[in-house]
Each structure stands twice: as C-alpha cells, then as structure tokens.
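# Breakdown of the fold
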Amino acid sequence: MPKIDLAAIEQTNRTGYPAEFAEAVAGRWVRKLGPATGLSEFGVSHVVLNPGAASSQRHWHEDEDEFVVMLSGEAVLVDDSGRMPMRAGDMASFPKGDGNGHHLVNESGEDCVFLAVGRVPQGRAHYPDIDLIWSGEAYHRKDGSRF
C-alpha cells in the first residue's frame, strides 16, 4: 500500500558535519522517506526543526536541485536575498548551481515541519558563511585541508 506510516520510519538527528559546525542542526530531526518507501530517483525527507534549530548550515549545491514544502509551524528562509518567513503551505525552490546559499531556521517557540525533496548530492556543496566545502565525498576546509 503506498500510504506511508511515518511513525514506522526511523527519525534521526545525525549529521555528517564536522563537530564545530554540528550544533546548528542538533535540533533537526529527519525521516528519510525515499529509501524507506522504495524511491530511487530522488529523495524526500520529513524534517522537524525544534525551536532554535537550523535545517543545515547555509549552503548551495553545484549538482542538486532542492525543493521544500512547509507543512506546519514557521521557519525563516535565509538566503543571499535576506530573510523570508515560511509558513504551512509555503514552498521554496533551490536550483542546482545558482550560488544562492540558503537554509531554514526555526526562530519560533514551536516545532516546524517540512518536506525536503532532492537527492544525495554527488558534487560540490558550498557553505558561504563558514570554512566548509563538501567535495562530493567528504567535508574539507576552503583551502582544501581535511577535517
């Protein structure tokens, strides 16, 4: 049956970020719906941000489109253009290679929930606010040194 039992899918707050950049996402809880439901061409994650948590460090991908749909609560979309409130029903699109660093931050007093659609990035991701680059295989500093 195609209806998804969300409670049956593991919810984690793991991150691959180096320790010095991980705190921002400590209150981010993710259920990866794609692998759990047999999707292979794209990923879908159900994300809960606790108050004060960010979806990620602000970033952009060379080779991955991203799409977000807010389901409940409120977050602030922070990108190169500034800050934009995102509420239930709002959507945002982040085309690959556009260079617009973005993330969502929950500045409210309640959890917010959204769906993130994309795929596992295989190429570079850039983090304009911090000394971090994803090479497609590992995180590095901008000078190329490894963590």
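Coordinates for the structure precede this section.
This section reports on the structure supplied with the text. (Residues numbered from 1 in each chain as written. Predicted model: local features only at pLDDT ≥ 70, side-chain atom pairs only at ≥ 80, totals over all residues. Heavy atoms only, no water.)

### As for the sheet that holds strand β10 (residues 125–127)
If you trace the four strands from one edge of the open sheet to the other, you get β3-β10-β11-β12, paired in antiparallel fashion. For this open sheet the edge positions go to β3 (60–61) and β12 (139–140), each flanked by a neighbour on one side alone. Across two bridges, β3 lies against β10 in antiparallel orientation. Bridge pairing in β10 places His61 opposite Ala125. (Pairing = 2+ DSSP bridges. Helix = DSSP H or I, 4+ residues; strand = E, 2+ residues; numbered from the N terminus.)

### Details of the environment of Asp90
If you trace the backbone, Asp90 turns up in the loop between β6 (82–87) and β7 (91–94). When near neighbours in sequence (up to four residues on either side) are disregarded, Asp90 contacts Val68, Val69, Met70 and Pro85. Among the polar contacts made by the side chain of Asp90, one reaches the main-chain amide nitrogen of Arg87 at a distance of 2.8 Å. (Contact = heavy atoms within 4.5 Å. Polar contact = N/O pair within 3.5 Å; in protein donor to acceptor, adjacent residues only side chain to side chain.)

### Some points on the side chain of Asn100
Among the structural elements, Asn100 can be located in the loop between β7 and β8 (102–105). Of the residues examined, Asn100 reaches a relative accessible area of 17% and is grouped as buried. Polar contacts involving the side chain of Asn100 include one to the main-chain amide nitrogen of Asp80, which spans 2.8 Å. Not counting residues up to four positions away in its chain, the partners in contact with Asn100 are His59, Trp60, Asp79 and Asp80. (Buried < 20%, exposed > 50% of the residue type's maximum accessible area, 1.4 Å probe, protein only.)

### Focus: the nonpolar core
Grouped together as the largest cluster of nonpolar side chains are 14 residues, with contacts concentrated most on Leu49, Met70, Leu77, Met86, Leu104 and Phe114. If you list the elements that add at least two residues to this core, you get β2 (43–49), β4 (66–72), β5 (74–79), β7 and β9 (112–118). Apart from residues no more than four positions distant in its own chain, Leu49 is found in contact with Gly27, Arg28, Ala54, Ser55, Leu104, Asn106, Glu110, Asp111, Cys112 and Phe114. With 10 residues, the next largest nonpolar core counts Tyr17, Leu132, Trp134 and Tyr139 among its residues. (Core = buried A, V, L, I, M, F, W, Y, C linked by side-chain atoms within 4.5 Å.)

### Comments concerning the sheet that holds β6
Strands pair in a sheet through their backbones, by hydrogen bonds, and they do so in one of two ways: parallel or antiparallel. Spatially, β6-β5-β8 is the arrangement adopted by the three strands of the open sheet, whose pairing is antiparallel. The outermost strands of the open sheet, each flanked by one partner alone, are β6 and β8. Averaged over all pairs of adjacent strands, the angle between strand axes in this sheet comes to 25°, irrespective of strand direction. Direction of pairing for β5 relative to β8: antiparallel, over a ladder of four bridges. The residue of β8 that forms the bridge with Val78 is His103. (Axes fitted to C-alpha atoms, helices over the stretch in contact; angles between N-to-C directions.)

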